[in-house]
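# Fold and contact review
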Amino acid sequence: MNINLIVVGKLKEDYLRNACAEYIKRLGRYCNFEIHEIDECRLSDSPSEKEISSALHKEAVQIKKFAKGFIIPMCIEGKQLTSPEISEKISSSGVNGFSTITFVIGSSYGLDPEIKQMGNLKLSMSKMTFPHQLARVMLLEQIYRSFQIIEGGKYHK
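Figured I'd write up the structure that's included with this text. (Residues numbered from 1 in each chain as written. Predicted model: local features only at pLDDT ≥ 70, side-chain atom pairs only at ≥ 80, totals over all residues. Heavy atoms only, no water.)

What links the strands of a sheet is backbone hydrogen bonding, and the strands pair in either a parallel or an antiparallel sense. The 4 strands are arranged β2-β1-β4-β3 in an open sheet whose pairing can be described as parallel. At either margin of the open sheet sits one strand with a lone partner, and together these are β2 (32-38) and β3 (70-79). Ignoring which end each strand starts from, the neighbouring axes of this sheet average 20° apart. As paired strands, β3 and strand β4 (residues 100-105) are joined by 5 bridges and run parallel to one another. Each residue of the ladder has a partner; that of isoleucine 72, found in β4, is phenylalanine 103. (Pairing = 2+ DSSP bridges. Helix = DSSP H or I, 4+ residues; strand = E, 2+ residues; numbered from the N terminus. Axes fitted to C-alpha atoms, helices over the stretch in contact; angles between N-to-C directions.)

In structure tokens:
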């Protein structure tokens, strides 16, 4: 199985980069993993809706270059699933003919509607608000947890 993670923006903190590196290392046992970092468009301090929309569109053009397979955009209006439900989605995607799953994390302003429409499953982490950069670590952990659930490992209790 191939897992792609497309993210807008780069991690700024060492502790977040280290956490991501650890989960990526662990995932190597279960899948071919690739991460694609897309540059976040620079916006003014108080961007207008038009400026935000234009930036999201520019980011979408870059995202589409890497989006393939079963596409899961992470967005606030997406479904909230339990860890076992996410593992089932990952497991069943292969049975349904997808050898690649692509997760997409947008900028702090979200994702262009076109990217959301491309999605096979829109997913939300929570109703709570988290720091944008933490989303990458949280998603990687859940992907790793999913493979542990599929394998029957002890990581998920």
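Following both chains from N to C, one finds helix α1 (residues 14-27) and helix α5 (residues 132-151) inclined at 20°, their axes separated by 9 Å at the closest point. Classed by the angle they form, the pair α1 and α5 counts as roughly parallel. Seen along the crossing, α1 lies across α5 with a hand that is left-handed. Between α1 and α5, the residues in contact are Leu16, Ala19, Cys20, Tyr23, Ile24, Arg26 and Leu27 and Gln133, Leu134, Arg136, Val137, Leu140, Glu141, Ile143, Tyr144 and Phe147, respectively. Of the residues contributing to the contact of α1 with α5, the split by class is 12 nonpolar, 1 polar and 3 charged. (Parallel < 35°, antiparallel > 145°, perpendicular 65-115°, else oblique. Left-handed = near helix turned anticlockwise from the far one by under 90°. Contact = heavy atoms within 4.5 Å. Nonpolar A, V, L, I, M, F, W, Y, C, P; charged D, E, K, R; others polar.)

Contact pair helix α3 (residues 83-95) / α5: the axes reach a minimum separation of 8 Å and the direction vectors enclose 75°. With respect to their mutual orientation, α3 and α5 come out roughly perpendicular. Contacts between α3 and α5 involve Ser83, Pro84, Ile86, Ser87, Ile90 and Ser91 from the first element and Gln142, Arg145, Ser146, Phe147, Ile149 and Ile150 from the second. Each residue belonging to the contact of α3 with α5 can be placed in one class, and the counts come to 6 nonpolar, 5 polar and 1 charged.

Two aromatic rings, taken as a pair, are described by how far apart their centres are and by the angle between their planes. Taken as a whole, this structure holds 4 aromatic pairs when the rule is applied. An angle of 70° between the planes, with centres 5.3 Å apart, marks the rings of phenylalanine 70 and phenylalanine 98 as edge-to-face. Taken together, the residues span a long stretch of sequence, with phenylalanine 70 in strand β3 and phenylalanine 98 in the loop between α3 and β4 at a distance of 28 residues. We classify phenylalanine 70 as buried; its relative accessible area is 13%. Here the aromatic residues Tyr23, Tyr30, Tyr144 and Phe147 are joined through ring pairs into a cluster of three or more. Of note, arginine 26 hangs over the ring of tyrosine 144, and the distance from its end group to the ring centre comes to 5.2 Å. (Phe/Tyr/Trp six-rings, centres within 6.5 Å; stacked < 30°, edge-to-face > 60°. Buried < 20%, exposed > 50% of the residue type's maximum accessible area, 1.4 Å probe, protein only. Lys NZ or Arg CZ within 6 Å of the ring centre and 35° of its normal.)

All we've got here are geometric facts, nothing functional implied.
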